[in-house]
Amino acid sequence: GSSVTLEVNVTSSLDITDLFWEKLNISSNISELIDVQSESRLECGNITCPSLTISDLNINDNTYFIVKATNRDGTSTTYIRVYVILSMYL
């Protein structure tokens, strides 16, 4: 139920033309594009606000998140590992 912000600082002498996030599906080892606009648990994750905030973390968020920033010279990729630790209260 906690929140986390995956902080990203994108710097380039060229204009960033695209920035998007993906989430790795551990079982298939394939990354899937995250549609930040359609998921109410997510904030930012775009060119003007590159860091991604995830609220209400759950076990499905226990994976790699990938951010890709693009300019006219190409795309830079960064991987961020999120570990979700569940605790039980008796």
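Residues numbered from 1 in each chain as written. Predicted model: local features only at pLDDT ≥ 70, side-chain atom pairs only at ≥ 80, totals over all residues. Heavy atoms only, no water.

Visitor: Any chance you could explain the sheet that holds strand 2 (residues 18–25) here in plain terms?
Guide: Strands pair in a sheet through their backbones, by hydrogen bonds, and they do so in one of two ways: parallel or antiparallel. As summarised here, the arrangement of the 4 strands in space is 3-2-6-7, forming an open sheet in which the pairing is antiparallel. Looking along the sheet, the strands with just one partner apiece sit at the ends: strand 3 (30–33) and strand 7 (74–81). The mean inter-strand angle of the sheet, taken between neighbouring strand axes irrespective of direction, is 30 degrees. Where strand 2 lies against strand 3, 4 bridges are found, and the strand directions are antiparallel. (Pairing = 2+ DSSP bridges. Helix = DSSP H or I, 4+ residues; strand = E, 2+ residues; numbered from the N terminus. Axes fitted to C-alpha atoms, helices over the stretch in contact; angles between N-to-C directions.)

Visitor: Would you explain the environment of Ser 38 in this entry?
Guide: Tracing the chain through its elements places Ser 38 in the loop between strand 3 and strand 4 (42–44). Within the structure, the side chain of Ser 38 is placed 3.1 Å from the side chain of Asp 35, a separation counted as a polar contact. (Polar contact = N/O pair within 3.5 Å; in protein donor to acceptor, adjacent residues only side chain to side chain.)

Visitor: Just to check I follow, could you spell out the side chain of Ser 51 for this structure?
Guide: Within the secondary structure, Ser 51 sits in the loop between strand 4 and strand 5 (52–54). Relative accessible area serves as the criterion here: at 15%, Ser 51 is assigned to the buried category. A polar contact is formed between the side chain of Ser 51 and the backbone nitrogen of Val 8, at a distance of 2.9 Å. (Buried < 20%, exposed > 50% of the residue type's maximum accessible area, 1.4 Å probe, protein only.)

Visitor: Just to check I follow, could you spell out the state of the cysteines for this structure?
Guide: The term disulfide refers to a covalent linkage connecting the sulfur atoms of a pair of cysteines. Applying the stated rule across the entire model yields 1 disulfide. Shown here is the disulfide that connects Cys 44 with Cys 49, its sulfur atoms set 2.0 Å apart. Handedness here is read from the sign of the S-S torsion; for Cys 44 and Cys 49, about 75 degrees, the answer is right-handed. Residue class for Cys 44 comes out partly exposed when judged on its relative accessible area of 30%. (Disulfide = S-S within 2.5 Å.)

Visitor: Explain the pattern of salt bridges to me, please; I cannot follow it from the model alone.
Guide: Here the idea is simple: oppositely charged side chains can pair when their charged atoms come close. Under the defined criterion, the tally for this structure stands at 3 salt bridges. Across the salt bridge formed by Glu 22 and Lys 68, the nearest N and O atoms sit 3.6 Å from each other. Here the residue Glu 22 occupies a position in strand 2, and Lys 68 occupies one in strand 6 (residues 64–71), the gap between them amounting to 46 residues. Across the pair Asp 61 and Lys 23 runs a salt bridge whose closest N-O atoms are separated by 3.0 Å. Taken as a pair, Asp 61 in the loop between strand 5 and strand 6 and Lys 23 in strand 2 lie far apart in primary sequence, 38 residues in all. For Asp 61, a relative accessible area of 1% gives the class buried. Residues participating in the shared-partner salt-bridge network are Lys 23, Arg 41 and Asp 61. (Salt bridge = Lys/Arg side-chain N within 4 Å of Asp/Glu carboxyl O.)

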